[in-house]
Amino acid sequence: MNRRSLLAALAVTRSSRVDDQSRAVTRARYFPNVELTTHEGKKVRFYDDLIKDKIVVINLMYADCEGICPTITANLVKAQKLLGARIGRDIFMYSLTLSPEKDTPAALNHYAKMHGVKPGWQFLTGKPEDIEMLRRSLGFSTGNQKLDKDKTNHIGMVKYGNERREWWGMVPGKAKPTWIVESILWMDETNVKPPAG
Amino acid sequence: MANISKRNRRREKEIMDASKNRREIIAAQFSRRDLMKMGLLTTAGFLIPKNGLSARAPQFGGGGFGGNCFGFYGQGGTPVSPPTTPYLEAMPIPPIAQPVLNADALTGPLPQAAPNTAAGEGRTRTHQAFTTLPPQKYYEVHQIEANISMHPQLPVQKLWTFNGTVPGQTYVSQYGQPNLVRNFNDLPANNGGFGIQSVSTHLHNGHTPSESDGFPCDFFGVTKWYDQHYPNVLAGFASTHPPTGDINESMSTLWYHDHRVDFTAQNVYKGLAGFYLLFNQFDTGNETTGFRLPTFPDFDIPMMFNDKIFDPTTGLLVFDLANRDGILGDKFLVNGKIQPFFNVKRRRYRFRWLNGGPSRFYQFYITKQDNTNHNFWVIANDGNLLPNPVLTSNGVRIAVAERMDVIVDFSSFAAGTKLYINNRLEQCDGAGPTDNIVSASQGNKVLEFRVTSDAVSDGSVNPATNPSFYAVPAREPEDETRCFKFDRENGQWVINDEVFACDDVRFKVKRNDAEIWNLEGGFNWQHPIHIHFEEHQIVKRNGNTPTLIERGRKDVVRLGENDDVELFFRFRDFVGRYPMHCHNTIHEDHAMMLRFDIDDVGNSNESDCGRRF
Ligand SMILES: [Cu+2]
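This text gives an overview of the structure that appears in the document. All of these numbers come straight from a predicted model, not from anything done at the bench.

Next up on the list: the coordination of the copper ion. All names here are of chain B. The copper ion binds to the protein through H527 (ND1), C582 (SG) and H587 (ND1); the donor distances cover 2.0 to 2.1 Å. Read N to C, the donor residues that coordinate the copper ion are spaced as H-x54-C-x4-H. Of this pair, H527 sits in strand β28 (residues 527-531) while H587 sits in helix α5 (residues 585-589); the two residues are 60 residues apart in sequence, bridging distant segments of the chain.

Put into structure tokens, the structure is as follows:
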């Protein structure tokens, strides 16, 4: 059995342990399976390819953002470094553009390179209406309509979760990278120890 | 005048934010070349002052959607619950917790001061008062999943409980009799959609050593246990009022709830909360002695209010994982049942009202069948008896985590009369209430009282005779002043522009110091702010003396939009880490929390007060 099919088999055994019914409800409510394109030009399905059975970290950005995005990206780059080989193996990072019209895969690729992003972290674009649906269903919107329309003011939180266990939380993107990493690692079910200090 | 100073402060805040954003970008270690490439730096070296970099986004209009917004939920996609018939079932009264015989009877090893990590204890710090205030009663509680019916027309729900009930069992304790609660995490592998199987149980308003307080980062996982030592001791016992503490610091209606960092809203919504009542020689639980308040448990009734959402198709409880503003339910529960009824005798009752959250503010009236008011007395705020009862004809407002003990007199009603606890405060979204009071017929009638024909005596004190309870403890000059601004930036809830992290000690309070804390609310949002461990007195609210109901001791303070409140504290007796946080649990989980430590050195935080007045 090669490594890939071993992992797939593991995922199946594990997923049979969890409540598939509530998982289906959660999936329908929050994770539309829309088609997206990665910064490497690959077509992916949001739920099937990016979320299912994974520990994930999701934030919003856009390449020419001048507000808080560069700070968050810089923090996440440090978090990626701290998480090392686990990123792309059992923890996956996703950045969704809020400017799908401007942010082509090439533009996102440029942005990723400029920030020193390593493999296992994908920048995603897609149809504007799909991106908007994702933004809302993932919890990056607000009920305050005026505030919600202001793109610069809505991108500070980073969602983290373990899809199989249905654990979903958020950590501020402006938090220290070590704290972002701590929060992400709680999603590893073998790690329920509280932080030190 | 007040408006001008508020505007000035907001402007100062904008300037602060702008310079902070610049500092952040520089601190993020971009080279000048990167910044220029990103269009953030001119060749002359100035950061380009664009929207988002320069200052806050333009101000936006007032909250709410106008009119009566009950039943309207602004967050797209939040379901509307299926219909349920009100008043079908009696309001449950949570069972009273029974201690085990002695320490030997506890499952597992004998309790000890140091964490028993080898035997599976999740505690990491040593008990501060285990030998000086040794436990006299021992309890064992198991956090387990249980099948709970919240309404006969809805399916049974798989909730998370303390020993199988929602609310959890009520602890009934006496001052001077310390308890030890061995708390087991026996939660199931599946969370059924929301919640996380690691927990930290906070005793809300307890004068509790830090390691037993239920600090958000002291969570422990499944199969672990945690000994929580509750000394049940009055503040000042080891400092200003040895050896027993200041009687005027007595508190009576406490509650406990899960406090797991980032997941408090989910875990509490799933059921992890209950009452903890404290009696003493004055508040005795017997109406023939002491203050002669209605006798517990017959006429002294805890009531926990929650609003929840149920899926219209499955009827199962819904927690909106995508909401960061605040979750509003369209079903109203009292002690875990949707709109129950409660039979009352023709006499006075003490009700201990608790807003169990997650996000809604209430203003409760007692409404008669003809929709007129029945006045009642407020005797305690946040579980602390006021100096005297306060008669209210305009209801009582209760933010999340606030408690109001009230006396309602049913003696004037004929058997068969029905009355209602009626929430008349309009709230359309998680931002906070609109402050509109809707008509009595439009309110949420959350519980129906049914006056029975039983003959009954009433030995309780008549609040109309204006009995005296505790005096408000005298204030002293402060050793320290600290200022806090509760706001939102980039969708992140912040206190003084910072977000929460477990290991980030924002300031240190010197044990036994008196302090003034100034809390300032942000624009467009309301926050019930809870500060652990010591109670405060509200000195000023927006420059004015607070209302009679707020003129006591509190542990939650309501911050309306742009409100300024000045609080007096004395931090006594114990050391360790404690949080201050918004108790709209959605805000709390999105980082509106800070950690402060109490030690014997302390530090100053006065620089943050520069923008005050
Ligand atoms: Cu809040």
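Structure's up, so let's keep going.
On to the side chain of T161 of chain B, then. All names here are of chain B. Looking at where T161 falls in the secondary structure, it is placed in strand β2 (residues 157-162). Of the residues examined, T161 reaches a relative accessible area of 0% and is grouped as buried. Reaching out from T161, the side chain makes a polar contact with the backbone nitrogen of G164 at a distance of 2.8 Å. Apart from the residues lying within four places of it in its own chain, the contact partners of T161 are H142, Q143, I144, A146, I148, V166 and L272.

Let us look at the sheet that holds strand β3 (residues 168-174) of chain B. Residue and element names in this part refer to chain B. Overall, mixed pairing links the four strands, which are arranged β3-β8-β7-β5 in an open sheet. In this open sheet, the two edge strands, each paired with only one partner strand, are β3 and β5 (201-204). Neighbour-to-neighbour, the strand axes of this sheet turn through a mean angle of 20°, independent of strand direction. With four bridges connecting them, β5 and strand β7 (residues 253-258) associate as antiparallel partners. Considered in β7, the bridge of T201 is made with D258.

Residue and element names in this part refer to chain B. When you tally the buried positions in strand β31 (residues 564-570), you get six out of seven residues, the bulk of the element. Both strand β27 (residues 514-521) and β31 contribute to a ladder of seven bridges, which runs antiparallel. Its bridge partner lying in β31, W517 is registered against L567. Pairing analysis gives five bridges linking strand β29 (residues 536-541) to β31, with the strands arranged antiparallel. From the neighbouring strand, R541 faces β31, where its bridge partner is V565.

Inspection of every chain in the model, using the stated rule, returns 52 salt bridges over all chains. In this structure, the salt-bridge partner of D188 of chain A is R86 of chain A, at a minimum N-O distance of 3.0 Å. Within this pair, whereas D188 of chain A is found in the segment after α8 (177-185), its partner R86 of chain A is found in the loop between α4 (69-83) and β4 (91-97), the two being separated by 102 residues in sequence. For the pair formed by D188 of chain A and R86 of chain A, the shared burial category is buried. Of the charged contacts in the structure, one is a salt bridge between R348 of chain B and D409 of chain B, with a shortest N-O distance of 3.8 Å. Highlighted residues: R348 of chain B in strand β14 (residues 348-355) and D409 of chain B in strand β19 (residues 403-409), separated in sequence by 61 residues. With respect to burial, R348 of chain B and D409 of chain B carry one shared label: buried. Within this structure, D382, E402, R403, R541, E550, K554, D555, R558 and D563 of chain B form a network of salt bridges that share partners.

Now for the packing of α4 of chain A against α8 of chain A. All names here are of chain A. In the contact formed by α4 and α8, the axes pass within 8 Å of each other and the chain directions differ by 55°. Our classification of the angle between α4 and α8 gives oblique. In the crossing of α4 with α8, the sense of the turn from one axis to the other is right-handed. Side by side, α4 and α8 meet where N75, L76, K78, A79, L82 and L83 of the first sit next to P177, T178, I180, V181, I184 and L185 of the second. Its residues placed into classes, the contact of α4 with α8 shows nine nonpolar, two polar and one charged.

Criteria and cut-off values
Residues numbered from 1 in each chain as written. Chains lettered and ligands numbered in written order. Predicted model: local features only at pLDDT ≥ 70, side-chain atom pairs only at ≥ 80, totals over all residues. Heavy atoms only, no water. Donors = N, O, S within 2.8 Å, 3.2 Å for Na, K, Ca; no water. Helix = DSSP H or I, 4+ residues; strand = E, 2+ residues; numbered from the N terminus. Buried < 20%, exposed > 50% of the residue type's maximum accessible area, 1.4 Å probe, protein only. Polar contact = N/O pair within 3.5 Å; in protein donor to acceptor, adjacent residues only side chain to side chain. Contact = heavy atoms within 4.5 Å. Pairing = 2+ DSSP bridges. Axes fitted to C-alpha atoms, helices over the stretch in contact; angles between N-to-C directions. Salt bridge = Lys/Arg side-chain N within 4 Å of Asp/Glu carboxyl O. Parallel < 35°, antiparallel > 145°, perpendicular 65-115°, else oblique. Left-handed = near helix turned anticlockwise from the far one by under 90°. Nonpolar A, V, L, I, M, F, W, Y, C, P; charged D, E, K, R; others polar.

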